[in-house]
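Read off the chains here:
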Amino acid sequence: MKYDTISGIAGKYGAKILYDESIAEFTSFRIGGKCDVIVMPNSAECIAELVSECRKSGIRYYIFGKCTNVLISGEGLRGVVILIDGDYSSVRRDGNDLICDAGASLAKICNEARKESLSGLEFAYGIPGSAGGALYMNAGAYGGEMKDVVSWCDYLAGSGEIRRMNAENMKLSYRHSAFTGSDKVILSVCFRLTPGDENKIAELMNETMKKRRDKQPLEYPSAGSTFKRPDGYFAAKLIEDSGLKGYTVGGAQVSEKHSGFVINKGNASFDDVIKITEDIKEKVFADSGVLLEREILIVE
Ligand SMILES: Cc1cc2nc3c(=O)[nH]c(=O)nc-3n(C[C@H](O)[C@H](O)[C@H](O)COP(=O)(O)OP(=O)(O)OC[C@H]3O[C@@H](n4cnc5c(N)ncnc54)[C@H](O)[C@@H]3O)c2cc1C
């Protein structure tokens, strides 16, 4: 069987593996079809062996974290989906650093920072991704971004070696990093923080979360901001000015609460989301001359 070796590696490490299962339930958009294989590695060695086997055997593979910034095809994905999530998610303190496995959620990391009275990650509280996904995207919010707090990361290079990269080599810029579009797999991330007061940290995190709850349609599945912030503009404002608030295609809708979010109002398909984003781009361009660029990543 084509995936026997992959099953063997998962078995050797005790990693969870699923065959012919829908990926939708693993994504924040709740969209995506059945994938040949979904495997949830539980160590760096397991990730390295899975990736190396796929490369050697010419099996297509996909790396995801918590799937909160992706729109995955309704046809699913052929090959091996490697979900680096909660099964590889330890967080440990070393001085003022938090060293996190790539699958650790930002929620877990922020809570750990708060408990350890380490400041710097307050802005990230409420971003629903993993350490690996957040670094890949240089995730940011409320005036902060990963660039401000990441010190180094360990990654699996294309050659199969595990290497360390310091932040200054990561080319971190708006929703971009040295990992964007590369074959490098982030294995762990070191956040360099500063000693702070637990109560103040908690207060800031709660404020951030309240802003999110008040402004964002968190009650519906989505992948966060649909479009990047164009230079000098706000995507949500342009969309609203084009009269698209509440605009609906099938089960996908421009959120009435926050026009920057396309939400899954109920059974939205991959095609619905593609169509609605194309319609938005076209109308906003016609009205304002600004060409919006998708922030959500399309995987098919
Ligand atoms: C409600 C909501 C609110 C959001 N708010 C924000 C926000 O305020 N700011 C913001 O920046 N984003 C926001 N997002 C988007 C998203 O949460 C972030 O981009 C997050 O960092 C993505 O992490 P992830 O683990 O889900 O990555 P995924 O969606 O799983 O993957 C994203 C990309 O990263 C790559 N990747 C993931 N893990 C690894 C790894 N270990 N090694 C190599 N590549 C990897 C994938 O291949 C993919 O290309 C929001 C999303 C939602 C649903």
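Coordinates for the structure precede this section.
Draft legend 1. Highlighting helix α2 (residues 44–57). Look at α2: 20 Å from first C-alpha to last across 14 residues, which is about the 20 Å you get at 1.5 Å a residue. Those residues of α2 lying buried are Ala44, Cys46, Ile47, Ala48, Leu50, Val51, Glu53 and Cys54. In this structure, the buried side of α2 is in contact with α1 (4–13), β2 (34–40), β3 (61–64), β5 (80–83), β11 (150–156) and β13 (185–192). Among the residues trailing α2, Gly58 stands out with phi positive, at a value near 70°.

Draft legend 2. Structural context of the pattern of salt bridges. Under the counting rule described, the total for this entry stands at 20 salt bridges. Here Arg93 and Glu116 are joined by a salt bridge, their closest N and O atoms 2.9 Å apart. Placement of Arg93 in strand β6 (residues 91–94) and of Glu116 in the loop between α3 (106–115) and β8 (118–119) is noted, with a sequence separation of 23 residues between them. For Arg164, the salt bridge goes to Asp154, with nearest N and O atoms at 2.8 Å. Of this pair, Arg164 sits in strand β12 (residues 162–166) while Asp154 sits in strand β11; the two residues are 10 residues apart in sequence, bridging distant segments of the chain.

Draft legend 3. Expanded view of the sheet that holds strand β7 (residues 97–101). Read across the sheet, 5 strands follow the order β6-β7-β13-β11-β12 without closing on themselves; strand pairing throughout is antiparallel. Since the sheet does not close on itself, it has two edges, and those belong to β6 and β12, each with one partner. Recorded for the sheet is a direction-independent mean angle of 20° between the axes of neighbouring strands. Where β6 meets β7, 4 bridges bridge the pair, whose relative direction is antiparallel. If you follow Val91 over to β7, its bridge partner there is Cys100. The strands that α2 touches are β11 and β13; relative to β13, the one it contacts most, it runs at about 150°. Running over the sheet, α3 touches β6, β7 and β13 and is turned about 155° from β7.

Draft legend 4. A look at the site of the ligand. Every one of the 34 residues lining the ligand counts as a neighbour, but Ile63, Gly65, Thr68, Ser130 and Gly140 are closest to it. The contact in question runs from an oxygen atom of the ligand to an N or O atom on the backbone of Gly65, over 2.7 Å. Contact between the ligand and Asn69: an oxygen atom at 2.9 Å from a main-chain N or O atom of the residue. A total of 980 Å² of accessible area belongs to the ligand in isolation, and the protein chains cover 92% of it. Of all elements in the fold, only β3, α4 (131–137), β9 (140–141), β13 and β15 (222–225) reach the threshold of two or more residues within the shell around the ligand. In terms of residues, the shell around the ligand owes the most to one element, α4, which gives 5 residues. Grouping the amino acids of the shell around the ligand by side-chain chemistry returns 18 nonpolar, 12 polar and 4 charged.

Draft legend 5. Spotlight on the sheet that holds strand β16 (residues 248–249). The strand order β15-β18-β17-β16 describes an open sheet built from 4 strands, whose pairing is antiparallel. What marks the edges here is a single partner per strand, and that holds for β15 and β16. Relative to strand β18 (residues 261–264), strand β17 (residues 252–254) is paired through 3 bridges, and the arrangement is antiparallel. Opposite Ala252, over in β18, you have Asn264 as the bridge partner. Of the strands in this sheet, β16, β17 and β18 touch helix α8 (residues 270–288), which is tilted by about 30° from β17.

Draft legend 6. Just the nonpolar core, in detail. Counting 60 residues, the largest nonpolar core has Val80, Ile109, Leu121, Leu135, Met146, Cys153 and Phe191 as its most contacted members. Take this core: its biggest share by element is 7 residues, from α2. Taken domain by domain, the makeup of this core includes at least three residues from each of domain 1 (4–83) and domain 2 (91–203). Residues in contact with Cys153, not counting those within four places in the same chain, are Leu135, Arg163, Arg164, Met165, Met170, Phe179, Ile186, Ser188 and Val189.

Each value, and the rule that gives it
- Residues numbered from 1 in each chain as written.
- Predicted model: local features only at pLDDT ≥ 70, side-chain atom pairs only at ≥ 80, totals over all residues.
- Heavy atoms only, no water.
- Helix = DSSP H or I, 4+ residues; strand = E, 2+ residues; numbered from the N terminus.
- Expected span 1.5 Å × (residues − 1).
- Buried < 20%, exposed > 50% of the residue type's maximum accessible area, 1.4 Å probe, protein only.
- Contact = heavy atoms within 4.5 Å.
- Salt bridge = Lys/Arg side-chain N within 4 Å of Asp/Glu carboxyl O.
- Pairing = 2+ DSSP bridges.
- Axes fitted to C-alpha atoms, helices over the stretch in contact; angles between N-to-C directions.
- Near = heavy atom within 4 Å.
- Polar contact = N/O pair within 3.5 Å; in protein donor to acceptor, adjacent residues only side chain to side chain.
- Areas by Shrake-Rupley, 256 points an atom, 1.4 Å probe, with all protein chains shown as cover.
- Nonpolar A, V, L, I, M, F, W, Y, C, P; charged D, E, K, R; others polar.
- Core = buried A, V, L, I, M, F, W, Y, C linked by side-chain atoms within 4.5 Å.
- Domains from an automatic or database assignment.

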